[in-house]
Amino acid sequence: MKPLKLSLQAFGPFATREEVDFTRLPPGALFLIAGPTGAGKTSILDGITYALYGDTSGGERSAREMRSHHADAALQTEVELEFALGAQRYRVRRVPEQTRAAQRGGGVVNAPAKAELFRLDANGVDWVPLAQRTTEVTALVEDLLGFKADQFRQVVLLPQGQFRKLLAASSAEREKILETLFGTATYKRLQDALKAEAAALRERGEKAALQRQTLLGQAGVDTMDALVARRDALQGQLVTLGDAEQQARAEDTAARAALQHGQAVEAQFAEAAAAAAALQALEAGKAELDAQRLRLEQARRALQVLPADAALASARRSADEARQRETQAARDAAEAVHRLGQAETALQAETARAPEREAAQRELLRLEGLAEAVARLAQAEAEAARSEAARIAADKALAAATATQQTLATRRTTLAARIEALQPLAGNCAALELRLQQAEQRARALAALAAARKQLGGREAEETKARTRHHAAQRAAGEARAKAAALDAGWRQAQAAILAAHLHDGEACPVCGSAAHPSPARHEGELPTEQTLQAAAELAREAETALDAARQALNAAELARATAAAEVATRAAELQPVE
């Protein structure tokens with residue numbers, strides 16, 4: 001905002017209308033408002049502040065008190081300010097509440113406060129009205145300038161003796177002023193949004209902490225290290241059980257193969273037993289077969305002896321007949337008849353034995369037919385011997401396989417039970433691992449949060465100490481300022497009394513210009529010396545310096561505490577679960 005023209009009428013020490021044209025100053029020039037005490041220097045600043053906000057520059061007097069006591073009763077008190085804001089020009093006019101002479105008749109009337117705000121049109125001639133109520137004008141000026149009256153006085157005007165208010169203002173007040181001055185409202189909203197988000201993240205972090213504790217309780221552990229150790233142990237057991245299961249399956253397959261082999265061997269043993277039974281049956285008929293073979297041999301020999309006997313008998317008969325043909329013809333004939341009778345008897349005996357020979361022949365043929373069976377029996381005996389040896393080995397293998405199968409079956413049952421018991425854990429392995437990772441991450445975040453909170457505690461303690469020192473420095477500075485102000489007030493009062501001593505009736509006052517001096521200033525007591533004032537001012541400056549140092553230390557402590565709090569909020573945000 002740049003003031004262009006200021007018009008003051010019956011305002012402060014100005015009894016008539018006064019105009020200040022700031023446009024006559026060179027662009028960008030610095031200028032000084034100078035003059036003797038009571039000349040109206042502060043009233044110019046009061047006029048600017050009142051035109052804009054309806055209040056004085058110091059905020060210590062009301063607008064009604066700004067009416068000049070030297071103005072004519074019929075002259076209205078008003079202030080008009082023309083100012084530039086960027087490329088736009090504005091004009092504001094205010095009339096304070098006042099008591100003035102009535103325009104008709106005698107007496108006085110109470111005139112209400114009025115205000116008007118205009119903007120110069122683009123043609124550069126016409127003024128466009130923007131507001132015509134005091135509250136509307138004030139609100140619109142605040143929107144245009146971005147300051148309220150207090151902030152305008154602290155930042156822009158800095159009236160006499162009020163500069164220290166900006167320095168001595170609280171952190172919250174300075175924050176509001178600086179936010180308005182530097183346009184940090186956007187960052188304030190961003191900060192508020194971040195704080196809200198940090199609070200939400202902190203709440204999520206607490207929920208995640210509760211969830212983590214619940215999961216640890218469900219897992220039956222108290223710490224993350226125990227959970228990791230249990231997970232590793234379960235993974236090791238799972239691997240061991242998997243290997244054992246594979247080995248058991250392999251052993252079960254081998255046992256099944258051995259069982260099938262044993263069953264095949266058992267079938268061979270049954271076949272061998274049948275062959276052995278057949279062999280025993282054959283051995284049982286071997287004695288009878290030998291007896292039949294002996295009878296057959298005797299029969300064969302008997303058949304060979306009969307023809308020889310017949311030929312011998314015939315030859316003997318021929319020899320006997322030849323030797324005794326002549327002498328013993330009758331006897332030979334009788335002998336021959338006798339022998340013929342014997343031969344017939346023997347022939348009849350042999351003829352009677354023909355069925356026996358035929359039976360022997362048949363038995364021989366049968367026995368010759370059994371020779372092949374005997375050979376096969378011998379082979380069967382040899383095979384039976386080999387089968388017996390194989391059976392014994394197979395029995396041993398079967399016994400070992402049966403024992404192994406029973407062992408494996410027992411182990412397989414145990415492993416199946418363990419696998420079935422661990423199956424839920426195996427199914428939850430991935431979820432547990434994910435929870436473990438989340439828990440590990442959360443543990444790290446909790447450690448960082450604990451460290452940040454510890455640091456925040458230290459920063460808060462430092463801030464408390466700095467605030468205590470600042471309060472002490474404020475008290476000391478206030479006491480020093482009060483003492484200096486009291487001495488200065490006493491000195492000024494004494495100066496006013498000294499000046500009043502030189503006033504004479506009918507002569508104008510060099511301060512207010514009045515020729516009447518109804519109540520000149522008086523001073524009682526000892527007059528403060530210049531050295532006393534300087535010493536008090538020096539003590540006040542030292543106190544102000546100490547206060548500034550304490551304030552800077554407090555600001556640094558507040559910043560460190562805010563930084564630590566932001567770190568805590570950030571760490572707490574890391575603990576919030578992601579939705």
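Refer to the structure above for everything that follows.
Residues numbered from 1 in each chain as written. Predicted model: local features only at pLDDT ≥ 70, side-chain atom pairs only at ≥ 80, totals over all residues. Heavy atoms only, no water.

1. So, the pattern of salt bridges
Next up, step 1: One pass over the full model with this rule turns up 14 salt bridges.
Next up, step 2: For the salt bridge of Arg89 with Glu82, the shortest nitrogen-to-oxygen distance reads 2.2 Å.
Next up, step 3: Among the salt bridges present, the one from Glu142 reaches Lys148, with a minimum N-O distance of 3.6 Å.
Next up, step 4: Linked through salt bridges whose partners overlap, the residues forming this network are Arg17, Glu19, Glu78, Arg93 and Glu116. (Salt bridge = Lys/Arg side-chain N within 4 Å of Asp/Glu carboxyl O.)

2. Re the sheet that holds strand 7 (residues 114-120)
Next up, step 1: Spatially, the six strands line up as an open sheet ordered 2-1-3-4-7-8, and their pairing is antiparallel. The sheet terminates laterally at strand 2 (14-21) and strand 8 (127-131), the two strands that pair on one side only. Direction aside, the axes of adjacent strands within the sheet are offset by 15 degrees on average.
Next up, step 2: Across six bridges, strand 4 (residues 88-95) lies against strand 7 in antiparallel orientation. (Pairing = 2+ DSSP bridges. Helix = DSSP H or I, 4+ residues; strand = E, 2+ residues; numbered from the N terminus. Axes fitted to C-alpha atoms, helices over the stretch in contact; angles between N-to-C directions.)

3. Some points on a nonpolar patch on the surface
Next up, step 1: On the surface, Leu25, Phe31 and Ile33 cluster together to form a nonpolar patch covering roughly 240 Å² of accessible area.
Next up, step 2: Secondary-structure assignment places Ile33 in the loop between strand 2 and helix 1 (41-53).
Next up, step 3: A residue is classified by how much of its surface remains accessible, and Ile33, at 34% relative accessible area, is partly exposed. (Patch = residues over 30% accessible without salt bridge, like charges linked within 9 Å, V, L, I, M, F, W, Y side chains within 5 Å. Areas by Shrake-Rupley, 256 points an atom, 1.4 Å probe, with all protein chains shown as cover. Buried < 20%, exposed > 50% of the residue type's maximum accessible area, 1.4 Å probe, protein only.)

4. Some words on the environment of Leu449
Next up, step 1: You can see Leu449 is positioned in helix 11 (residues 429-501).
Next up, step 2: Accessibility expressed as a relative area gives 4% for Leu449, which makes it buried.
Next up, step 3: Taking the C-alpha atoms as reference points, Leu449 and Thr570, separated by 121 residues in sequence, lie 8.5 Å from one another.
Next up, step 4: Those residues in contact with Leu449 that sit more than four places away from it in its chain are Val568, Arg571, Ala572 and Leu575. (Contact = heavy atoms within 4.5 Å.)

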